[in-house]
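# Residue-level structural notes
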Amino acid sequence: MERSPNSQRRRIMIAATASAVAAGAAMVLRPSGVVIAHPHGSPLAVELGDLPVGKLRTVEWQSKPVWVLRRSEGSLAALASHEDLLIDPESQQSMQPPACRNRQRSLRPDIFVAIGLCTHQGCAPNLQGDSGFLCPCHASRYDVAGRVFQAGPATANLVIPAYRFEADNRLLLGVDA
Ligand code: FES
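Definitions and limits used
Residues numbered from 1 in each chain as written. Predicted model: local features only at pLDDT ≥ 70, side-chain atom pairs only at ≥ 80, totals over all residues. Heavy atoms only, no water. Helix = DSSP H or I, 4+ residues; strand = E, 2+ residues; numbered from the N terminus. Buried < 20%, exposed > 50% of the residue type's maximum accessible area, 1.4 Å probe, protein only. Phe/Tyr/Trp six-rings, centres within 6.5 Å; stacked < 30°, edge-to-face > 60°. Lys NZ or Arg CZ within 6 Å of the ring centre and 35° of its normal. Disulfide = S-S within 2.5 Å. Pairing = 2+ DSSP bridges.

## Observations regarding unusual backbone geometry
Its identity is not glycine, yet Arg105 carries a phi of approximately 55°, on the positive side. Structurally, Arg105 can be placed in the loop between helix 2 (73-78) and strand 6 (111-115). When its relative accessible area of 0% is taken as the criterion, Arg105 is described as buried. Positive phi, close to 70°, is recorded for Ala139, a residue that is not glycine. Structurally, Ala139 can be placed in the loop between strand 8 (133-134) and strand 9 (141-142).

Dropping the structure here:
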């Protein structure tokens, strides 16, 4: 039986949707009727307009805490000063989007985004001002780019999720840059 181009297109769309769902991707139906697959799960918008310098915002996404920190100039300047004390200063072994593989581990220097779970056993580290994060469970330390210090049991930098900026003060988690 011959199929119309429309019916073939529909079959292809259904097949693509099914395989994406099987892979755990989130599906979003656009008003146009086009189904968009999000490989990182449903996106979440985070507003930054009221986030002061030095403050950390935590949002829940994919059942995980995600941090958004507006870093100060001083904390950014300090990133180059302690790299000999880090396990993976260039994030060679660490998980982050390709565009975040830089000293700041971010798309924009002032805004740091990371999964807020220690890479040792998953506790929630605390922000210690401009010096970074300290995990209360076994004292692993991370700088404000989420790079782990050698002194402590964690061996991997904090995980950076996919995100992109939609505007100066609005980012979208779960979407590639
Ligand atoms: Fe963070 Fe062990 S869970 S140091």
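## With respect to the packing of aromatic side chains
Using the criterion set out here, one finds three aromatic pairs in the structure. Taken together, a centroid distance of 6.3 Å and an interplanar angle of 35° make the contact between Phe112 and Phe133 tilted. On the criterion of sequence distance, the pair formed by Phe112 in strand 6 and Phe133 in strand 8 is long-range, its members being 21 residues apart. Phe133 sits in the buried class, given a relative accessible area of 1%. Ring centres 5.9 Å apart and planes at 80° place the aromatic pair Tyr163 and Phe165 in the edge-to-face group. On the accessibility criterion, Tyr163 (1% relative accessible area) is buried. For Phe165, a relative accessible area of 22% translates into the label partly exposed. Among the aromatic residues, those joined into a ring-pair cluster are Trp67, Phe112 and Phe133. Sitting above the plane of the Phe149 ring, Arg141 keeps its charged end 4.3 Å from the centroid.

## A word on the state of the cysteines
For the coordinates displayed, the defined rule picks out one disulfide. There is a disulfide in this structure between Cys123 and Cys137, and the S-S distance comes to 2.0 Å. A torsion of -95° about the S-S bond marks the disulfide between Cys123 and Cys137 as left-handed. Placement of Cys123 in the loop between strand 6 and strand 7 (126-127) and of Cys137 in the loop between strand 8 and strand 9 is noted, with a sequence separation of 14 residues between them.

## Looking at the sheet that holds strand 7
Spatially, the three strands line up as an open sheet ordered 7-8-9, and their pairing is antiparallel. Each edge of the sheet is formed by a strand with only one pairing partner; in this case those strands are strand 7 and strand 9. Where strand 8 and strand 9 come together, two bridges link them in antiparallel fashion. Bridge pairing links Leu134 to Arg141 in strand 9.

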